[in-house]
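What the coordinates show
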Amino acid sequence: MFRKRLPPEEERKVKANDREYNEKFQYASNCIVTSKYNIITFLPVNLFEQFQEVANTYFLFLLILQLIPQISSLSWFTTIVPLALVLSITAVKDATDDYFRHKSDNQVNNRDFNLLLQNEKWMNVRVGDIIKLENNQFVAADVLLLSTSEPHGLCYIETAELDGETNMKVRQSISVTAELCDPNHLASFDGEVMCEPPNNKLDRFCGTLYWREKKYPLTNQNMLLRGCVLRNTEACYGLVIFAGPDTKLMQNSGRTKFKRTSIDRLMNTLVLWIFGFLVCMGGILAVGNAIWEKEVGFLFQSFLPWDPPVDNFLFSAFLSFWSYVIILNTVVPISLYVSVEVIRLGHSYFINWDQQMFCSQCNTAAEARTTTLNEELGQVEYIFSDKTGTLTQNIMTFNKCSINGQSYGMLNFTPLNPLADPNFCFYDEKLLESVKVGDPHTHEFFRLLSLCHTVMIVSSVCTGELVYKAQSPDEGALVTAARNFGFVFRSRTPGTITTTEMGQTVTYSLLAILDFNNIRKRMSVIVRNPEGRIRLYCKGADTVLVERLQPCNQELINGLRTLALAYRDLSEEEWEAWSESHRFADKATDCREDRLAATYDKIEQEMLLLGATAIEDKLQEGVPETIALLSLANIKIWVLTGDKQETAVNIGYSCKMLTDDMTEVFIISGHTVQSVRHELRSVFFKCRFSQISCVKYTLEHQRTYILEIKSQKCTLDWNMEEEFLSTACACKAVICCRVTPLQKAQVVELIKKHKKAVTLAVGDGANDVSMIKSAHIGVGISGQEGIQAVLASDYSFAQFRFLQRLLLVHGRWSYLRMCRFLCYFFYKNFAFTMVHFWFGFFCGFSAQTVYDQFFITLYNIVYTSLPVLAMGMFDQDVPDQRSLEYPKLYEPGQLNLLFNKREFFICITQGIYTSVVLFFVPYAVLSDATQSNGVPLADYQSFAVTTATALVIVVSVQIALDTGFWTVFNHVFVWGSLGSFFTIMFALHSQTLFRNLPNQFHFVGSAQNTLLQPVVWLTIALATAICIVPVLAFRFLKLDLKPQLSDTVRKPNMGGVWRGTGSVSEGRLGARGGSRRSGYAFAHQEGFGELITSGKNMRLSKASLAGRGSQLVPEHPTEQDLPPLLGKQAMSSRWINPICLLSTTSLHASLERGKDCSKQTVNFICPVSLS
């Protein structure tokens, strides 16, 4: 915790197995500390944090004043007891939260691992150590892979905790260390690594290994990062390069921030204003005291002298000022903060107990992991969401396909194919029949899927079950589809692929693999069948393949915007010529990748279209409806994902963030800041005259190594922020693609900085943690990617659809209840306190209180605390279902209409008006009134009882009017508090207490004598009427002349009128509109092509036999999702309306202050409706 801050590293030097050498650089250990306190620092640090709250400092100051007997008119316990209670409750809550952080840290730090020949704990790992990892183990630190149990130093990892992707990835050690599998040889390894300093770039590593007077380049493919899980690899060894906080996982985690609501911040301001108002009132009364003592008080010196040390009227005024500060401090009682914490705790339990936010599939309930942000849920304007696992289930399903002009979708395979995957479902008997009868187009379609891929295969020794391991979940789904239709991929060698086609084993010669990458957006294989025919099979994005088809085929690909399949027959001469050019490009020492790409492009021409597939990253239940509903609530939704643009756009269509109305696309490209700024402004200018529908903003990873650590303090270049925000915020929705975890946080910080809006971030993986921590409110989805997001979140649940209920019901209610609570609390306390101010003018400014001190003590604790607490806990303006039917009800929270400075001044004005009535009406009536026996009622104690009784009745009637939803608790608390007032008052004014403690109970018999007089009750009734009638009249007029939406929704006869414009059934989904464009994802990634053709991956270890299964549960899509690809069915002109897409490279005009802007790619696309 107190580690000395070291200067930034420029280069890291690590020597294997030499701790003495490495320790001189003072590298961080592998011990992770996310907690804030320890036993020694807890009390001082926590108290320091709590007294940063203005209110706590204010009450501490009052407590010190009350300890001075010369100025204190109230007992010190009236302040110290509630202050200690508030501090204690907050400290216990903070200690509990930090205890769980310590528990989590200890669990991670004490994990076991193997340090070569001995077992150790994670916390004891040091930079330069060589550690052993076994199958299914988490990687303890960022390590350089030295050797593995697999051939050629290969290993397979899962990176869900880093980037949210559950598909496997391949890493490979450098060849010179691949044979160091013996622990004794590794213990003598003395290589030295020089590499980049710690940074947050998950996809980049640059370094050099120096060993035996030679140097070997190191890349990201040689690294295993902390948080990864070793899969299908028996064991591997690695050299620790970065440990603990220096690891890339921790570098992307972001700092834990203290989150406060906008109401808390406003309350701090109001407390300062109230203190200023208090000082003014005290100053006025002190001046009055000085004048009174000088002009009148000296006449009483003979029999009522000043108490020492007062010796003149000025010093008397000085003491009077502080006395009135103490007396009038109840305008902001500390019970306010106790009540606020209790209300927030209750709201948190309501979220936890909500059965409609309980997921029965995973047996997970919603959880409020904080109690301080509930009302902020009712003010959200921007939602930042991850895509994979948050909007989608992270499960790829083969839902539809189109072959030879016929669309197919969704059947049971077991009777046809015993090798079928039992988890695969595809419901269309026509396609099954086409396979049975041997339709050549259908067979060739599935033959392509079984051959054109880089899938690894694992077969269980016990059951013989086939398990496919793919670099991309899409590719795995396609091969599984072919398998279930009778074209089963069984095995491969570097030169062959063996399949089972309708029960017959067929072996193809694998001549070449043209692997996928993000630029090509396609992959191909060239194979020779047993008859000797050479054929190229290709699959890729339709936008890429359409220009490579024969002219007669190009017009046929106009329906399915996903993955297209094509083939081309090659003669022996064509193959030989191309093979020679391919070998030449492959051996090139410069521009090898470009040369290979050109060679691939040359042969992938003049192809014939076979069909297309629809692979869906299945949306979670209710995602489109939730997004539509939140949009109607004027909440802007931005999707921040690490996926590429095509995948994000397709999901955007699936969840109806994007619609077919978006027919024109703007692409911003440039290589300088000036050009990008010019194009941003150009787009914004055009957007001003068009209906903006969406912006897709692509932030590409920076590929070129930079020596300096990039700034993490800003998202966009400082002089580009305004242009970016002006354009993006004018749009309805935003999709940010190719963003790193830290960039997600930077985008959130940008909106917080410039828009001053409440932000909410929702994600499910460790790659979303920094975004969740940066937003005002963080929500974790307990999905398939671990619990890192949940642990870092403020709220968690199992499904994205629960977000609508969290915000539109619980958030709106919490905000409404807190605002009503605060308005009433300030009203009742100003009404109570300001009576002292008016009384000061009639008591010689002597700091005499109107009420007895027990009433002052109990007013906020007993007489008025429970009714307002019940209102703050249970009140609601409309039922929960109406809150969902009318999302426009959410807008007052976004606009901060229910509690702001204006509402505060209205409340205190009403309170001051009530105090005037409560003081001057009894004063005017009782000054000349007499009891039934002729004794005057104009005494101090009778006046105090009358005023106190009228005050309690008035504020009780007022809260009855303010309460919109009555429960049994409201009735018990309101009428019970009123009854308790009379019971306690009669007890305190009894003879019994006076006889026992005569110095403490001075009002003996006052209540009994005063409240038996009819004139007193008439006075109380008059004061109540004067206070309440104007409020009733104003509210009736407002309801009749300017009703709010909530007022209209409550009227049963108006339900049908509003349902047409704001309800779920019509307004919500109708406002978004459906898309006829397919929303299926195309998320192919670069595969294992080079490894396959090199033969490096052909031997599998024993551990690889324990493969993981997958659940593929497809939905039943509508027929509109997949229009026929071929055939006579014609698409409407609206469907085939072309979209202009340009492929350009532009600069990194955002995400890092002061960097070279020519090294980043930005695709900024604005689909605009011109209809």
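Since this is a predicted model, take the numbers as computed values, not measurements.

Points about the overall build of the chain
When helices and strands are counted, the chain shows 39 helices and 36 strands. Counting the 1171 residues in the chain, one finds 58% classified as buried. Total accessible area on the chain stands at roughly 48800 Å², and carbon and sulfur atoms take up 57% of it.

As for unusual backbone geometry
If you check the backbone angles, K756 has positive phi at about 55 degrees while not being a glycine. In this structure, K756 sits in the loop between α22 (741–755) and β32 (758–763). The residue A847 is not glycine, and still its phi comes out positive at about 65 degrees. Counting through the fold element by element, A847 comes out in the loop between α25 (802–840) and α26 (853–863).

Quick word on the side chain of N900
For N900, the location among the structural elements is in the loop between α29 (891–894) and α30 (901–926). By relative accessible area, which is 18% here, N900 ends up buried. A distance of 2.8 Å separates the side chain of N900 from the backbone oxygen of N896, its partner in a polar contact.

With respect to the packing of helix α10 (residues 335–353) against α25
Contact pair α10 / α25: the axes reach a minimum separation of 11 Å and the direction vectors enclose 165 degrees. If you check the angle between α10 and α25, you find them roughly antiparallel. Remark: the crossing between α10 and α25 carries right-handed chirality. On α25, the residues touching S335, L336, S339, V340, I343, R344, H347, F350 and I351 of α10 are L806, H810, S814, R817, M818, F821, L822, F825 and F826. Its residues assigned to classes, the contact of α10 with α25 comprises 11 nonpolar, 5 polar and 2 charged.

Notes on the sheet that holds strand β8 (residues 192–195)
Strand order in this open sheet of 4 strands is β1-β8-β9-β10, and the pairing throughout is antiparallel. Of all the strands in the sheet, the pair left with one neighbour each is β1 (12–15) and β10 (214–218). For this sheet, the mean angle separating the axes of adjacent strands, direction not counted, is 20 degrees. Looking at chain direction, β8 and strand β9 (residues 207–211) are connected through 4 bridges and run antiparallel. Note that in β9 the partner of V193 across the bridge is L209.

Some remarks on the side chain of T330
The topology assignment puts T330 in the loop between α9 (313–327) and α10. Overall, T330 belongs to the buried group, its relative accessible area being 9%. Within polar-contact distance, the side chain of T330 engages the side chain of T833 at 2.7 Å. When residues no more than four places from it in sequence are discounted, the contact partners of T330 are N829, F832 and T833.

Some thoughts on helix α2 (residues 42–50)
Buried within α2 we find F42, N46 and Q50. Down the axis of α2, the buried set is contained in an arc of 50 degrees. They therefore lie on one face.

Side note on helix α3 (residues 54–66)
Helix length check: α3, at 13 residues, gives a terminal C-alpha distance of 19 Å against a target of 18 Å (1.5 Å per residue), a fit within 8%. The set of residues buried in α3 consists of A55, N56, Y58, F59, L62, L63, L65 and Q66.

Here we look at the nonpolar core
In summary, soluble globular proteins display a tendency toward joint burial of nonpolar side chains. Counting residues in hydrophobic clusters, the biggest one holds 107 residues, and the most contacted among them are V332, L336 and F855. Top element by residues in this core is α25. It accounts for 18 residues.

Quick word on the packing of helix α12 (residues 440–451) against helix α13 (residues 473–484)
Axis separation between α12 and α13 bottoms out at 8 Å; the angle between their running directions is 130 degrees. In this view, α12 runs oblique relative to α13, as classed from their interaxial angle. Crossing of α12 over α13 shows left-handed handedness. The segment α12 lies against α13, with F446, L449 and S450 engaging L478, V479, A481 and A482. Residue composition of the contact of α12 with α13, grouped by class: 6 nonpolar, 1 polar and no charged.

Topic: the pairing of strand β6 (residues 154–158)
The buried fraction of β6 amounts to 5 of the 5 residues, a majority that puts the element mostly inside the structure. When β6 meets strand β7 (residues 168–172), the two strands line up antiparallel, connected through 5 bridges. Each residue of the ladder has a partner; that of Y156, found in β7, is V170. With 3 bridges joining them, β6 and strand β12 (residues 229–231) adopt antiparallel strand pairing. For E158, the partnering residue across the bridge sits in β12 and is V229.

Points about the sheet that holds strand β26 (residues 608–619)
Strand-to-strand pairing in sheets goes through backbone hydrogen bonds, with the strands running parallel or antiparallel. With respect to topology, 9 strands assemble into an open sheet ordered β17-β16-β26-β25-β24-β23-β22-β21-β20, the strand pairing being antiparallel. Of all the strands in the sheet, just β17 (406–409) and β20 (487–493) have a single pairing partner and so form its edges. Adjacent strand axes in the sheet meet at a mean angle of 30 degrees, parallel and antiparallel pairs treated alike. Examined bridge by bridge, strand β22 (residues 504–514) and strand β23 (residues 522–528) share 5 bridges and lie antiparallel to one another. What sits directly across from I513, in β23, is V525.

Observations regarding the pattern of salt bridges
Taken as a whole, this structure holds 38 salt bridges when the rule is applied. Note that R19 is salt-bridged to D129, the shortest N-O span being 2.6 Å. Within this pair, whereas R19 is found in helix α1 (residues 19–23), its partner D129 is found in the loop between β3 (118–121) and β4 (130–134), the two being separated by 110 residues in sequence. We classify R19 as partly exposed; its relative accessible area is 33%. What makes D129 buried here is its relative accessible area of 6%. The shortest N-O distance in the salt bridge between R231 and E158 comes to 3.5 Å. Taken as a pair, R231 in strand β12 and E158 in strand β6 lie far apart in primary sequence, 73 residues in all. Accessibility expressed as a relative area gives 10% for E158, which makes it buried.

Things to note about the packing of aromatic side chains
Ring pairs (aromatic) are described by centroid distance and by the angle formed between their planes. Per the counting criterion, the structure on display carries 56 aromatic pairs. Geometrically, the ring pair formed by Y99 and F100 is edge-to-face, given 5.4 Å between the ring centres and 65 degrees between the ring planes. Between the aromatic rings of F277 and F830, the centroid separation amounts to 5.9 Å while the plane-to-plane angle is 40 degrees, which identifies the pairing as tilted. Given the relative accessible area of 30%, F277 is considered partly exposed. Note on F830: relative accessible area 1%, which makes it buried. Aromatic rings pair up to connect F837, W838, F839, F841, F842, F845, F919, F920, Y923, Y940 and F943 into one cluster. If you follow R483 out to its NZ or CZ, it ends over the ring of Y468, 5.6 Å from the centre. Sitting over the ring of Y382, K636 keeps its end group 5.5 Å from the ring centre.

Description of a nonpolar patch on the surface
Side chains of I284, F841, F842, F920 and Y923 sit close together on the surface and give an oily, nonpolar patch of about 450 Å² of accessible area. Tracing the backbone through its elements, the reader meets F842 in the loop between α25 and α26. Classification of F842 as partly exposed rests on a relative accessible area of 39%.

Rules behind the numbers
Within each chain, residues carry numbers counting from 1 in the order of the written sequence. A pLDDT threshold of at least 70 governs which residues receive local features in this predicted model, and a stricter bar of 80 or more applies before side-chain atom pairs are shown or counted, although totals over entire chains, interfaces and linings include all residues. Think of the side-chain values as coming from all heavy atoms in the structure, minus any hydrogens and water. Helix and strand labels come from DSSP, where a helix needs a run of H or I of at least four residues and a strand needs a run of E of at least two; each type is numbered from the N terminus. Note on exposure labels: buried denotes an accessible area under 20% of the residue type's maximum, exposed denotes more than 50%, and partly exposed covers the range between, all computed with a 1.4 Å probe on protein chains only. Only the protein chains shown count as cover for residues, with accessible areas throughout obtained via the Shrake-Rupley method and a probe of 1.4 Å. Contacts described as polar in this section are N or O atom pairs within 3.5 Å, which, within protein, must combine one atom able to donate a hydrogen with one able to accept it, while residues neighboring in sequence count only if both atoms come from side chains. Only the stretch in contact is used when a helix axis is fitted, and all axes are lines through C-alpha atoms; the angle between N-to-C directions ranges over 0 to 180 degrees. Should an angle fall under 35 degrees it is called roughly parallel, over 145 degrees roughly antiparallel, and 65 to 115 degrees roughly perpendicular, with every other angle called oblique. Helix crossings fall into two classes, left-handed where the near helix is turned counterclockwise from the far one by less than a right angle and right-handed where it is turned clockwise. The contact definition used throughout considers only heavy atoms, calling two residues in contact when any of these lie within 4.5 Å. Classification convention: Asp, Glu, Lys, Arg as charged; Ala, Val, Leu, Ile, Met, Phe, Trp, Tyr, Cys, Pro as nonpolar; all other residues, Gly among them, as polar. Two strands form a pair only when DSSP identifies at least two bridges running between them. This arc describes the spread of directions from the helix axis toward the C-beta atoms. Expected helix span is given by 1.5 Å per residue-to-residue step, counting one fewer step than there are residues. In these notes, a set of buried Ala, Val, Leu, Ile, Met, Phe, Trp, Tyr and Cys residues joined through side-chain atoms within 4.5 Å is what counts as a nonpolar core. Salt bridges are defined by distance alone: a side-chain nitrogen of Lys or Arg within 4 Å of a carboxyl oxygen of Asp or Glu. Two rings from Phe, Tyr or Trp (for Trp, the six-membered ring) form a pair when their centres sit within 6.5 Å of each other. Planes less than 30 degrees apart are called stacked, planes more than 60 degrees apart edge-to-face, and all others tilted. Look at NZ for Lys and CZ for Arg. If either is within 6 Å of the ring centre and within 35 degrees of the ring normal, a charge sits over the ring. Patches here: salt-bridge-free residues with over 30% relative accessible area, like charges joined within 9 Å, nonpolar side chains (Val, Leu, Ile, Met, Phe, Trp, Tyr) joined within 5 Å.

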